[in-house]
Amino acid sequence: MKNKTILSMVLAATMLIAIMFGCGSDNQDILNPQLMDPQGTNDAGVVDQNTEMPGFESDAVIGVTLPWLGTQNWVEAKEMFADQLSKAGYKPFIEAADQTVTLQQQQIESMIEAGAKVIVVGPVDSAQLTDVLDKAKAAGIYIIGYDRLLEKTAGVDGVVQYGSVETGKLQASALVQGLQEKKGESPYNIELFGGGHADPNSPNFFNGAMSVLQPLIDDGTLVVTSEETDFIQCATADWNNAKAQARMEKLLSTYYTDKEIDGVLCPNDGIARACITACESAGQDIPIVSGLDAENDSVQWIWEGRQYSTIAKPTDKLVEETIDVINSLRDGKGLPETDVTADNGVKDVPIFELTPLIVTKENEKEIFANDPTRLELLKD
Ligand code: BGC
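Residues numbered from 1 in each chain as written. Predicted model: local features only at pLDDT ≥ 70, side-chain atom pairs only at ≥ 80, totals over all residues. Heavy atoms only, no water.

A. Spatial organisation of the pairing of strand β12 (residues 348-354). The buried fraction of β12 amounts to 5 of the 7 residues, a majority that puts the element mostly inside the structure. Relative to β12, strand β5 (residues 158-162) runs parallel, the two sharing 4 bridges. Looking at the pairing, Val159 lines up with Ile351 of β12. Bridge analysis of strand β11 (residues 341-343) against β12 gives 3 bridges, and the strand direction is antiparallel. Within the sheet, the bridge partner assigned to Ala342 lies in β12 and is Val349. In this structure, the hairpin formed by β11 and β12 is closed by a connection of 4 residues, where Gly345 is found at a positive phi of approximately 95°. (Buried < 20%, exposed > 50% of the residue type's maximum accessible area, 1.4 Å probe, protein only. Helix = DSSP H or I, 4+ residues; strand = E, 2+ residues; numbered from the N terminus. Pairing = 2+ DSSP bridges.)

Set out below in structure tokens:
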């Protein structure tokens, strides 16, 4: 007890001397106002844009950890971050976490050890990074969420993403438009799919879509034959296409042996193609199916009339926006201005939001006019 008291007194005196003489890299934490208020929030829990955010050197290490490389957008992000961060003069340290939370935690630890000044995180499970992100924040590292919100952490400085509720609304609007265009008079038989449970985008996509679909379900225009309309019932674990295909096959063999399925709400292109394949194998006419990501295969399927729509959320724009945020932090200018915030359960996080776009055969050539890879796929 006595020894502990002496030890605390010595520690307190050391801290006081450090503060009085204001110095030494070891004591930067004590002197850095941002680290004394790592949340950067005021009393009301609102983000305080005036909190000091010191800049960093122009050749700093920038960490990027992506959730997996299972869909085209993440593969593009990996390549584009490597390219654009190097061109901007930074040292990129880029990893993908294979849908594994512990692997992503280790990757963030390695980025802290490597002296990263910013860590960009596309989380596998955004609620499971609290401790490691707190550690990064305590080391003075800026944390930017990429494409997905970082939940339950005060450590996150901002998130760069396409509007996720808006994405869901557009998916549902395209579905309804396709049904009206191609499937005659209502009612239309439809089924609903959601993304992976751990991804905060998934409920947002689904709820955005339901805000469009629910009134049409209520007035009888749309009939969800299985009656599975809850996000949890419709979600697809780990965004796994094979699991979505298995659910679609089961729905078809249970509810559609004697009726046609007209439409399927799908949260991304991989799941859309899995559902279309299941319908084709069951001998159904192809239903109207929505998607997301404008993956090459789906861009082609839309051109061929196999998939009705997707949503474009170009990766190059999202990576560019992220690097603009990093540059602003590097220059000591803090975060760029934004009016959009999202409550992550701990704080209101500034969101740097881009606008997604519906793609159908009708506007494909126009949308991809400046995207030679995708344009090349639009040939008869
Ligand atoms: C992304 C989608 C992607 C999905 C599965 C979501 O968070 O926004 O673009 O298809 O994850 O990887």
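B. Looking closely at the nonpolar core. In this structure, Phe56, Phe81, Val120, Tyr146 and Met248 are the most contacted members of the largest nonpolar core, which totals 51 residues. Beyond its immediate stretch of four places on either side in the chain, Phe56 contacts Ile62, Tyr90, Lys117, Val118, Tyr142, Ile326, Leu329 and Arg330. Grouped together as the second largest cluster of nonpolar side chains are 20 residues, Val176, Met210, Ile217 and Val224 included. (Core = buried A, V, L, I, M, F, W, Y, C linked by side-chain atoms within 4.5 Å. Contact = heavy atoms within 4.5 Å.)

C. Spotlight on the sheet that holds strand β2 (residues 91-96). Strand order in the open sheet formed by 7 strands is β2-β1-β3-β4-β5-β12-β11, with mixed pairing between adjacent strands. At either margin of the open sheet sits one strand with a lone partner, and together these are β2 and β11. Within the sheet, the average angular offset between the axes of one strand and its neighbour, ignoring direction, is 25°. In the packing of helix α6 (residues 130-138) onto the sheet, contacts are made with β3 (118-121) and β4 (142-146), and the angle to β4 comes to roughly 140°. (Axes fitted to C-alpha atoms, helices over the stretch in contact; angles between N-to-C directions.)

Purely geometric stuff here, so don't read any function into it on its own.
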